[in-house]
Amino acid sequence: MSLLDDLVNNYFNKDLTTVFIKVGIANGKITEINRQILKEVTLAQWLLESARGKSELAVNANNFAGLKWRVPDMKGFAEPLKIKVPSEPKEVEFCKFTDIDAFIIGYWKFLTRTPYKGLEDYTNTPENFLGFLKAKGYSSDPKYVSKVVDLLPEAQKLLANAGGVTIPPSVEQLQLIRAPKEVESGQNFRVEGVARLADIGKVLSIMIDNQFPVASVTINQDGKWQFDFVLTQEGDRRMIIAIDDQTLEIGIKVVVPFDNKDDENTQQPTASSLPGAKVIKLGGSVGIGGVNKANDVKAIKARLHELGYTWVGNPNSADRDRGLFDAIKLFQSIIAGSSTVNGDGRVDVGGITHRWLQAANAPRWELMPKSDRDNGFVNGELEDIQDNHDFGTHWLADVIQKIAQDYQNSYRNTHPTSAPFAINDVSLPHGGDTPDHYGHETGMMCDVYLPKKKGDFGGIFWSSSEYDQDAARAILKSIGKQKLVRAVFFNDQQLIRERLCVSLSGHDNHIHFEINPPVRS
């Protein structure tokens, strides 16, 4: 058995509650599921730091994390060892541990030192935990967080194997990750998927309506593939994606927008006649690098404020600040269907941002729906006063309510003791970056707690004996019926084989779904 095997087996059997109590970490602040997250992400750290158990520090000092000697904190938990390592210009004192058990305890003791005070509040996601460590000086590598996160699937597999659970390859056939179900004529959209690792480097065959081929799309080294496309012909279109004996069929409805007669010379875009539409006349661009005429700024601020982006400030003032610019960027990212905020912060006359601001179904920013337990819906995030990922687009709020109603009608009415449809994180009050997630910045993504057999939810993994797979299947089917849903991530291997979801690292303890923008109206 290798040194890495010894480490993995020891760590798998280690009760972190006992370790935390022994070293002085506030265990009561860390939930059982967060302890599992910590076990996975720290093993991923150790894989990186120790070159999978083959570094000189690992072999000669049982130090898999590159922990330097610190007095008095580490006294009694390790001994000093002066050694030259590739990352240091000269010999440095590191911690030497008597065995692997001592290292595991010593690692967590190291994190009780003053720089890491408050660590217990950053244990809910791998990214949050790693970001906290890096911010406190644990690593100077600017790519440290992403490097560790990339090793998470390997760490999870090692721990699962140590427990006698064999995780099959996450991709056994050609799979779709993201694709729209409805688009505007002339709208650019993206299709993403993943293939078997055996198909890396191969070229996908892509046909539209069995007659219009798409340019060659090659499967990348990580098994993923993607391409951008534009459909101009109205109607129900069919896209066939194939490689060897594997085929995906995607149906996409193409809708001609109400302002389709406008062209690049149109200065005042046509407004919809539907209730809620707004005519916004602009004399110049507004926002970062814009012309910013006073009346134009007021018009844009008034519309954004009306839609719920209230941090633009006083809508009757022509003042411009970061609140306005951030709101424009968020709005632009939403209408682009992005999971992160990356707009340019400027509304151009007649441009797509201007057109969407005028639309009757322009995205409103609002609090997500309240729990309705009588109808099988729980907003666990809204009920958690310690967290504030409670906001998103009204598009997502509508989809959430439709999923809840469909799940209630199609499953819970005949299985009344089953768990409700219970949601967790969406986005922060003003959107934007959140340390808890990659993504979740634009109010277009939602996490769902896993249902338990006794009717409760959350705090488990799909491999748990408490997990109710039948209820999860019903929830996924209800999610899949919504035409705005473009992606569903969850790692239950059986449900992946049923094509109800796609595997993605970090989605063993919850379901994640995303939506696309609707067609403008």
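Residues numbered from 1 in each chain as written. Predicted model: local features only at pLDDT ≥ 70, side-chain atom pairs only at ≥ 80, totals over all residues. Heavy atoms only, no water.

J.: Talk me through the nonpolar core; I want residue IDs and the actual numbers.
T.: Core analysis: the biggest nonpolar cluster contains 62 residues, and Leu304, Tyr309, Phe421 and Phe513 have the highest contact counts within it. Looking at which element gives the most residues to this core, the answer is helix α13 (residues 394-412), with nine residues. Ignoring sequence-local partners within four residues, the contact set of phenylalanine 421 consists of Gly376, Phe377, Val378, Ile400, Ile403, Ala404, Tyr407, Val448, Ile475 and Phe513. One finds Phe20, Phe64, Cys95 and Phe110 within the second-largest nonpolar core, a separate group that totals 47 residues. (Core = buried A, V, L, I, M, F, W, Y, C linked by side-chain atoms within 4.5 Å. Buried < 20%, exposed > 50% of the residue type's maximum accessible area, 1.4 Å probe, protein only. Helix = DSSP H or I, 4+ residues; strand = E, 2+ residues; numbered from the N terminus. Contact = heavy atoms within 4.5 Å.)

J.: I'd like a rundown of helix α3 (residues 32-49), residues and numbers included.
T.: Between its first and last C-alpha atoms α3 spans 26 Å; for 18 residues at 1.5 Å apiece the expected length is 26 Å, and the two agree. Most of α3 is tucked away: 14 of the 18 residues are buried. Once α3 ends, the next one or two residues include alanine 51, with phi positive near 50°. (Expected span 1.5 Å × (residues − 1).)

J.: Lay out helix α10 (residues 322-335) with the relevant residues and their values.
T.: Taking 1.5 Å of rise per residue, 14 residues should cover 20 Å, and α10 covers 20 Å from first to last C-alpha, within 8% of that figure. Judged by how many residues are buried, α10 sits mostly within the fold: eleven of 14 residues are covered. Every buried residue of α10 is listed here: Gly323, Leu324, Phe325, Ala327, Ile328, Leu330, Phe331, Gln332, Ser333, Ile334 and Ile335. Among the residues of α10, the N-terminal cap falls to aspartate 321, whose side-chain oxygen and the backbone nitrogen of glycine 323 are separated by 3.0 Å. Among the residues trailing α10, glycine 337 stands out with phi positive, at a value near 75°. (Polar contact = N/O pair within 3.5 Å; in protein donor to acceptor, adjacent residues only side chain to side chain.)

J.: Please give an account of unusual backbone geometry that cites residues and values.
T.: Going from valine 71 to proline 72, the amide bond is cis rather than trans, its omega being 5°. A positive phi is found at asparagine 292, a non-glycine position, where the angle reads about 60°. Along the chain, the position of asparagine 292 falls in the loop between β12 (286-287) and α9 (294-306). Overall, the relative accessible area of 12% leaves asparagine 292 in the buried class. For arginine 499, which is not a glycine, the phi torsion comes out positive at approximately 60°. Residue classification places arginine 499 among the partly exposed residues on the basis of a relative accessible area of 44%.

J.: Could you give an account of the environment of glutamine 246, with specific residues and numbers?
T.: Position of glutamine 246 relative to the elements: it lies in strand β11 (residues 246-255). C-alpha separation for the pair glutamine 246 and leucine 174, spaced 72 residues apart in sequence, amounts to 6.2 Å. Leaving out residues up to four positions away in the same chain, glutamine 246 has contacts with Gln173, Leu174, Arg196, Asp199 and Ile241. A polar atom in the side chain of glutamine 246 sits 2.7 Å from the backbone nitrogen of leucine 174.

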